[in-house]
Amino acid sequence: MITDETSAALRRRAALNNAGWCDAVCRAHGLSPRYDGRDLWLSTVRTPPLYPDAVTLDAGVAAASVLPPVDTSSPGCSVKDSFAALDLSGHGFEVLFEAQWIHRPAGAAVPAAAPDAPRWSEVRDAAELAVWEAAWDGEEATGLFRPSLLGGDSAFLAGRVGDRIVAGAALHTCAGAVGVSNLFARDGVGTDTAWAGTLAAIAARRPDLPVVGYEHGEDLDAALRNGFTAIGPLRVWLHTA
């Protein structure tokens, strides 16, 4: 059973892991984000599309600490409120979406793969990464994920049927956890199949670490079916004024 105290610690770990991934993506784009003490990650320059300008790492962070450094003058500024504790509605922000942090303990049993499941491997080079991004996007690669993300703490998993990438996920290891983001399935492949392949790959690489991330809606339901526990809410605020 996860107590309130344990849940708070797990949420902080998930938030730290997610901030680490955001940091890696931003640095791959040539930005220089920073950690403001132990409570906040932020970028003073607008971040790549779909990535926040700030991530709170403690429930006690105030709007007065978050907003002054970030760039609200250009479109797309957003704040990941990791503990659903901020009210930024009076500062020109609206809630873009709400979600739940998810946690799966180290060593948990991996879902069984179906006989016709995709074949999984790690993306190795820039050309393959562009194909992966196009499959994830559903249309084309825009260069959101840069080749410098390959290797080290980050990895991109691709599930293939024949030569086609039909499922995938991005992984980032930091803060004592493996974070999963950008999980996708297409061309008739289900989300449960994508989770089975992703979790098997993580178990082969880092069986000693828990798996974290966040999901909402049907994607959250799929994560819960695959051994995750919802450990608390987050909000993403978008500047619209």
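Further up the page is the structure itself.
Residues numbered from 1 in each chain as written. Predicted model: local features only at pLDDT ≥ 70, side-chain atom pairs only at ≥ 80, totals over all residues. Heavy atoms only, no water.

Chemist: Mind laying out the sheet that holds strand β5 (residues 93-104), listing which residues take part and the relevant values?
Modeler: As summarised here, the arrangement of the 11 strands in space is β1-β2-β3-β4-β11-β5-β10-β9-β8-β7-β6, forming an open sheet in which the pairing is mixed. This sheet does not close on itself; its edge strands, each paired only once, are β1 (34-36) and β6 (119-122). Looking at each pair of strands side by side, their axes are set apart by 25° on average, direction ignored. As judged from the seven bridges shared by strand β8 (residues 164-174) and strand β9 (residues 177-185), these two strands associate in the antiparallel manner. Counterpart to His172 in the pairing with β9 is Gly179. Here helix α3 (residues 126-137) sits on the sheet and contacts β6, β7 (154-161), β8 and β9; the angle it forms with β8, its principal contact strand, is near 105°. (Pairing = 2+ DSSP bridges. Helix = DSSP H or I, 4+ residues; strand = E, 2+ residues; numbered from the N terminus. Axes fitted to C-alpha atoms, helices over the stretch in contact; angles between N-to-C directions. Contact = heavy atoms within 4.5 Å.)

Chemist: For the packing of helix α4 (residues 191-205) against helix α5 (residues 217-225), give the residues involved together with the corresponding values.
Modeler: It is at 10 Å that the axes of α4 and α5 come closest, and there the two elements cross at 50°. With respect to α5, the element α4 is oriented oblique. Crossing handedness for the pair α4 and α5: right-handed. Across from Thr191, Asp192 and Trp195 in α4, the residues of α5 making contact are Asp219, Ala222, Ala223 and Arg225. The residue makeup of the contact of α4 with α5, split by class, is three nonpolar, one polar and three charged. (Parallel < 35°, antiparallel > 145°, perpendicular 65-115°, else oblique. Left-handed = near helix turned anticlockwise from the far one by under 90°. Nonpolar A, V, L, I, M, F, W, Y, C, P; charged D, E, K, R; others polar.)

Chemist: An account of the environment of Gly37 is needed here, citing residue identities and associated values.
Modeler: Mapping Gly37 onto the fold places it in the loop between β1 and β2 (40-42). Assessed through its relative accessible area of 57%, Gly37 is described here as exposed. It is 9.7 Å that separates the C-alpha atoms of Gly37 and Leu57, two residues lying 20 residues apart in sequence. (Buried < 20%, exposed > 50% of the residue type's maximum accessible area, 1.4 Å probe, protein only.)

Chemist: Account for the nonpolar core, with residues named and values stated.
Modeler: Counting 34 residues, the largest nonpolar core has Trp21, Tyr51, Trp132, Phe145, Leu149 and Phe156 as the members making the most contacts within it. Where this core is concerned, the elements lending two or more residues are α1 (4-28), β5, α3, β7, β8, β9 and β11 (229-239). Apart from residues lying up to four places away in sequence, Tyr51 is in contact with Trp21, Cys22, Val25, Ser78, Leu144, Phe145 and Asn182. Counting residues in hydrophobic clusters, the runner-up holds 22 residues, among them Ile102, Trp195, Leu199 and Leu220. (Core = buried A, V, L, I, M, F, W, Y, C linked by side-chain atoms within 4.5 Å.)

Chemist: I'd like a rundown of α4, residues and numbers included.
Modeler: With 15 residues, α4 extends 21 Å from end C-alpha to end C-alpha; this agrees with the ideal 21 Å at 1.5 Å per step. Residues of α4 that are buried include every one of Ala194, Trp195, Ala196, Gly197, Thr198, Leu199, Ala201 and Ile202, and no others. (Expected span 1.5 Å × (residues − 1).)

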